[in-house]
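What follows is each chain in one-letter form.
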Amino acid sequence: MPKNTHYIAIVGSGPSGCFLAEILAIKIPGITIDIYERLPHPFGLAVNGVAPDHLHTRKVTEQFERTLARDNVNLISNIDVGSSISYSELKQRYNQVVFATGASEDLRLGIPGEHLPGIYGSGRFTRWYNSHPESNQLTPLIGQRVGIIGNGNVALDIARVLAKTAAEHQPSALSEPVRTHLAQRNISEIHIFGRRGPVDASFSLPELTELSTLAQAEVQVSPAVLAGIDTQGLPPSQKKMLEQLQRYAQAPKATPAVIKIQFHFYATPVAAVGDQQLEALEIRDTRHGTLHTLPLDTLITAIGYRTPAIAEVPYDTERGRFAHQKGNIEPGVYCLGWCQRGPQGVIPTSRSEAMNLARQLIKEMEKQHVD
Ligand code: NAP
């Protein structure tokens, strides 16, 4: 290796990988950064996960384009680390290796009937509407009554994308076939299920409020479920989220909306019911233990993700991510972002984490070159 040259491999070209590459490319003269990407196109979650109508969030890819255009940054696409190139080879070729592969595998509910046609994990479903190459064979069955399990922002994203009219989808990154498929649906009900109460929901205020702006949808929340909640001591963001739910609960229902978006709290899925395909969801009231069944044609589980394992890379099966100590997988090998800490946090979180790892990498590079 020529003196003063440092070779680093980043596996994954999503936000974490691109932010790290940008910082290192600026801070380390003489560095060469190879970014390995399994897909033909870069940017991971920024294009495969971020909702197609959130174009302002997707704008971050413009910054990433500039990173990839740097002389000392190379994007190596269509390379599946673990099969096209092994973990051992990577360690031999590079001074440092960083995994930033995200968490793309849908968690499963583990309930009877989960295999039925009409049921999709949110990762699979959002990859479909984001035209991910591995979902181009999917034509989801989207019926009149759609259920979404999970009280996070992914559930809200999916509800919003499904409830928007074709006109509302005009400014969006949807491909023409997806646009057409969505426009031909005849959705009348979207049910969002949380197994805990409103206080425990992890909705962000902008995403929750955005539902109120939809042209043909009306949000329904039972006032009873919000009654008596003590908001003292809750973080301001949670209080504001509850206030928005309260506004939905109190809003007068004048004319019946084309699409009803109904929140169900304390609703634990127990079984998916159907013969040839999904027909209903059996739900248990988490507080009282009572069971009831709601007819559904489509069910999307937005309950979180795991990081796919890579051959030879130490893996924590229980947590569904790489095995590491504070981001260190082994000497010279690191993990960053969702494959390190699990599927939580927004794109700006990846930027600050990349900054912290860059500091550590730089310290260790200096040490390697002195030794
Ligand atoms: P999340 O916020 O962790 O929500 C996951 C939901 O799934 C929780 O309500 C969880 O309930 C529920 N859940 C998990 N296992 C379940 C089970 N077996 N049965 C029923 N419910 C189950 O995750 P997410 O919505 O996938 O989002 C991932 C991250 O991306 C979050 O940090 C999110 O904020 C971020 N994101 C941000 C945006 C945005 O800013 N626009 C958009 C999308 C995603 P419990 O709480 O009871 O476990």
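Residues numbered from 1 in each chain as written. Predicted model: local features only at pLDDT ≥ 70, side-chain atom pairs only at ≥ 80, totals over all residues. Heavy atoms only, no water.

**Looking at the sheet that holds strand β11 (residues 267-274)**
Right, on to step 1. In space, the three strands of this open sheet follow the order β11-β12-β13, with antiparallel pairing throughout. The open sheet has two edge strands with one neighbour each: β11 and β13 (291-295). Geometrically, the sheet is characterised by an average inter-axis angle of 30 degrees between neighbouring strands, direction not taken into account.
Right, on to step 2. Where β11 lies against strand β12 (residues 278-285), seven bridges are found, and the strand directions are antiparallel. Residue pairing for β12: G274 is matched across the bridge by L278. (Pairing = 2+ DSSP bridges. Helix = DSSP H or I, 4+ residues; strand = E, 2+ residues; numbered from the N terminus. Axes fitted to C-alpha atoms, helices over the stretch in contact; angles between N-to-C directions.)

**Things to note about the environment of E364**
Right, on to step 1. Structurally, the position occupied by E364 is in helix α13 (residues 347-370).
Right, on to step 2. With 123 residues separating them in the primary sequence, E364 and M241 have C-alpha atoms 43 Å apart.
Right, on to step 3. Contact partners of E364, with chain neighbours within four places excluded, come to Q96 and Y334. (Contact = heavy atoms within 4.5 Å.)

**Quick look at the site of the ligand**
Right, on to step 1. Near the ligand you find 20 residues, and of these R195, R196, E207, Q344 and G345 are the closest.
Right, on to step 2. N151 has a polar backbone atom sitting 2.9 Å from an oxygen atom of the ligand.
Right, on to step 3. Between the ligand and G345, the relevant distance is 2.7 Å, taken from an oxygen atom to a main-chain nitrogen or oxygen of the residue.
Right, on to step 4. Coverage of the ligand by the protein amounts to 80% of the 920 Å² it exposes when considered alone.
Right, on to step 5. By residue number, the principal contributor to the shell around the ligand is helix α7 (residues 153-163), which donates three residues.
Right, on to step 6. Each residue belonging to the shell around the ligand can be placed in one class, and the counts come to nine nonpolar, seven polar and four charged. (Near = heavy atom within 4 Å. Polar contact = N/O pair within 3.5 Å; in protein donor to acceptor, adjacent residues only side chain to side chain. Areas by Shrake-Rupley, 256 points an atom, 1.4 Å probe, with all protein chains shown as cover. Nonpolar A, V, L, I, M, F, W, Y, C, P; charged D, E, K, R; others polar.)

**A few points about the sheet that holds strand β6 (residues 119-121)**
Right, on to step 1. The sheet built from six strands is open, its strands ordered β6-β14-β7-β8-β10-β9 with parallel pairing. Of all strands in the sheet, those bounded by a partner on one side alone are β6 and β9 (217-220). Strand-to-strand twist of the sheet, defined as the mean angle between neighbouring strand axes without regard to direction, takes the value 15 degrees.
Right, on to step 2. In this structure, strand β7 (residues 145-149) lies alongside strand β14 (residues 298-301), joined through four bridges in parallel fashion. For I148, the partnering residue across the bridge sits in β14 and is I300.
Right, on to step 3. Contacts from helix α6 (residues 122-129) reach β6 and β14 within the one sheet, and its direction differs from that of β6 by about 85 degrees.

**Let's talk about the nonpolar core**
Right, on to step 1. Judged by nonpolar contacts, the single largest core of 44 residues is most densely connected at F125, L162, I190, V221, I261 and F263.
Right, on to step 2. In contact with F125, not counting residues within four places along its chain, are Y120, P140, I142, I158, L162 and I300.
Right, on to step 3. By size, the runner-up hydrophobic cluster in this structure holds 32 residues, among which are I10, L24, V73 and V98. (Core = buried A, V, L, I, M, F, W, Y, C linked by side-chain atoms within 4.5 Å. Buried < 20%, exposed > 50% of the residue type's maximum accessible area, 1.4 Å probe, protein only.)

**Description of unusual backbone geometry**
The general pattern is negative phi for most residues beyond glycine and trans for most peptide bonds.
Right, on to step 1. In this structure, F43 is a non-glycine residue whose phi angle is positive, near 90 degrees.
Right, on to step 2. Judged by relative accessible area, F43 falls into the buried class, the value being 5%.
Right, on to step 3. The phi dihedral of S131 falls on the positive side, at around 55 degrees, and the residue is not glycine.
Right, on to step 4. Secondary-structure assignment places S131 in the loop between α6 and β7.

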